[in-house]
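Next come the chains, spelled out residue by residue.
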Amino acid sequence: MLRELNLYPLWVRRDVPVAAVPIKEEGRLDGGEADTRQAKPSEAAMGIEALNPSYVAEAPTVPALSWPELKQQVRDCTACSLRAGCMQTVFGVGDENADWLFVGEGPGEDEDAQGEPFVGPSGKLLDNMLAAIKLKRGSNVYIANVIKCHPPENRTPHVDEIVRCLPYLQRQIALVKPKLIVALGKIAATALLGKEATLGSLRGTLHDYYGVPLIITYHPAYLLRMPAEKAHAWDDLRLAMDAMQKLTD
Ligand code: URA
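**A word on the site of the ligand**
1) Next: Near the ligand the following residues occur: G104, E105, G106, E111, P117, F118, S122, N145 and H219.
2) Next: With respect to the ligand, the backbone of F118 contributes an N or O atom lying 2.9 Å from an oxygen atom.
3) Next: Here H219 contributes a side-chain N or O atom positioned 2.7 Å from an oxygen atom of the ligand.
4) Next: Taken by itself the ligand offers 240 Å² of open surface, and the protein chains cover 93% of this.
5) Next: Taken together, the residues of the shell around the ligand break down into 2 nonpolar, 5 polar and 2 charged.

**Side note on the pattern of salt bridges**
1) Next: The final tally for this structure, using the stated rule, is 9 salt bridges.
2) Next: We note a salt bridge from D127 to R137, for which the minimum N-O separation is 3.0 Å. Here D127 is found in helix α7 (residues 121-132), whereas its partner R137 is found in the loop between α7 and β3 (141-145), with 10 residues between them in sequence.
3) Next: Members of the salt-bridge network, linked through shared partners, are E116, D127 and R137.

**Quick look at the pairing of strand β2 (residues 100-104)**
1) Next: Extensive coverage of β2 is indicated by the burial of 5 of its 5 residues.
2) Next: Of the two faces of β2, both are covered, the one formed by W100, F102 and G104 as well as the one formed by L101 and V103.
3) Next: The sheet contact formed by β2 and β3 spans 5 bridges and is parallel. Across the sheet, residue L101 finds its bridge partner in β3, namely Y142.
4) Next: In this sheet, strand β4 (residues 180-184) lies alongside β2 in parallel orientation, the contact comprising 4 bridges. Pairing of W100 across the sheet is with L180, part of β4.

**Let's talk about the nonpolar core**
1) Next: In terms of nonpolar packing, the biggest core is built from 64 residues, with W100, F102, V146, I181 and L192 touching the most fellow members.
2) Next: Looking at which element gives the most residues to this core, the answer is helix α8 (residues 159-176), with 8 residues.
3) Next: Excluding residues within four positions of it along the chain, V146 makes contact with V103, G104, E105, I162, C165, L166, L169, I187, A188 and A191.

**Let's talk about α8**
Quick reminder: α-helices carry 3.6 residues per turn. Residues three or four places apart thus point the same way.
1) Next: Spanning 18 residues, α8 covers 25 Å between terminal C-alpha atoms, matching the ideal 26 Å at 1.5 Å per step.
2) Next: For α8, the principal kink sits at C165 and spans about 40°; a proline, P167, occurs within the next four residues.
3) Next: Taken across its 18 residues, α8 has 17 buried, putting it largely inside the fold.
4) Next: One or two residues past the end of α8 sits K177, with phi positive at roughly 55°.

**Points about the packing of α8 against helix α9 (residues 186-193)**
1) Next: Taken N-terminus to C-terminus, the directions of α8 and α9 make an angle of 75°; their axes are 11 Å apart at the nearest point. As summarised for this structure, α8 and α9 are arranged roughly perpendicular, according to the angle between their axes. Here I162, L166, L169 and I173 of α8 lie close against α9, whose contacting residues are I187, A191 and L192.
2) Next: Class assignment for the residues of the contact of α8 with α9 results in 7 nonpolar, no polar and no charged.

**Points about helix α4 (residues 67-76)**
1) Next: Taken together, the buried positions of α4 are W67, L70 and V74. In an axial view of α4, the angular spread of the buried residues amounts to 65°, which keeps them on one side of the axis. Along α4, the residues that are exposed and aim more than 90 degrees away from the buried face are P68 and D76.

Basis of the calculations
- Residues numbered from 1 in each chain as written.
- Predicted model: local features only at pLDDT ≥ 70, side-chain atom pairs only at ≥ 80, totals over all residues.
- Heavy atoms only, no water.
- Near = heavy atom within 4 Å.
- Polar contact = N/O pair within 3.5 Å; in protein donor to acceptor, adjacent residues only side chain to side chain.
- Areas by Shrake-Rupley, 256 points an atom, 1.4 Å probe, with all protein chains shown as cover.
- Nonpolar A, V, L, I, M, F, W, Y, C, P; charged D, E, K, R; others polar.
- Salt bridge = Lys/Arg side-chain N within 4 Å of Asp/Glu carboxyl O.
- Helix = DSSP H or I, 4+ residues; strand = E, 2+ residues; numbered from the N terminus.
- Buried < 20%, exposed > 50% of the residue type's maximum accessible area, 1.4 Å probe, protein only.
- Pairing = 2+ DSSP bridges.
- Core = buried A, V, L, I, M, F, W, Y, C linked by side-chain atoms within 4.5 Å.
- Contact = heavy atoms within 4.5 Å.
- Expected span 1.5 Å × (residues − 1).
- Bend = angle between axes of the 7 residues up to and from the residue.
- Axes fitted to C-alpha atoms, helices over the stretch in contact; angles between N-to-C directions.
- Parallel < 35°, antiparallel > 145°, perpendicular 65-115°, else oblique.
- Arc of directions from axis to C-beta.

Here it is, written out as structure tokens:
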């Protein structure tokens, strides 16, 4: 079933250096100390490389890029075949020093046309979700996606596409240094957690992304299809608000 949904296997070891894991050099994400730890080669071999050596070898290396360098690298990226079929890359938008980071799956058609995440119908709902917790796009909020290119027919991104694109998100997180991350939907949750589970089992609790509290909730597009789940999403947003309150008290 997971294979049919293009969700298998979608585990990405978090300690594998492929993705220039963002955290340690920047301080705040892990609470301060720089960490020079590197995954051992044998560990790396058990991780993404075990899935498919060719796309690991082709994953971009973005260890210490600045914002302009990272934006340029994403613009120029041809690491997977998605770029050939979309209009433009969609990097991310908002306050580059935001406390709040919202992570979606990948650009849809509207986002592909406009070059900005969450500008279509699910973006309108996301804006309403932000407003419900007194947030506004661009003001102390950064919005990014796991993948930066619109997949054909809006299909779920393939695991090799996610693995090749994830280093960009990881670097964005390292640069933004958010206090709290909200993952929207299963792809974002799986990519950030490095493990797969049902969204229902992941939501409603605080997770950890290398020392940054991570809250997982439903993707706005799912909520548009399943409005009854909005009550759960609201619970998640309240949990996020409470967590942020504690972090900033
Ligand atoms: N869905 C996403 O996950 N991201 C977008 O930017 C738009 C729709």
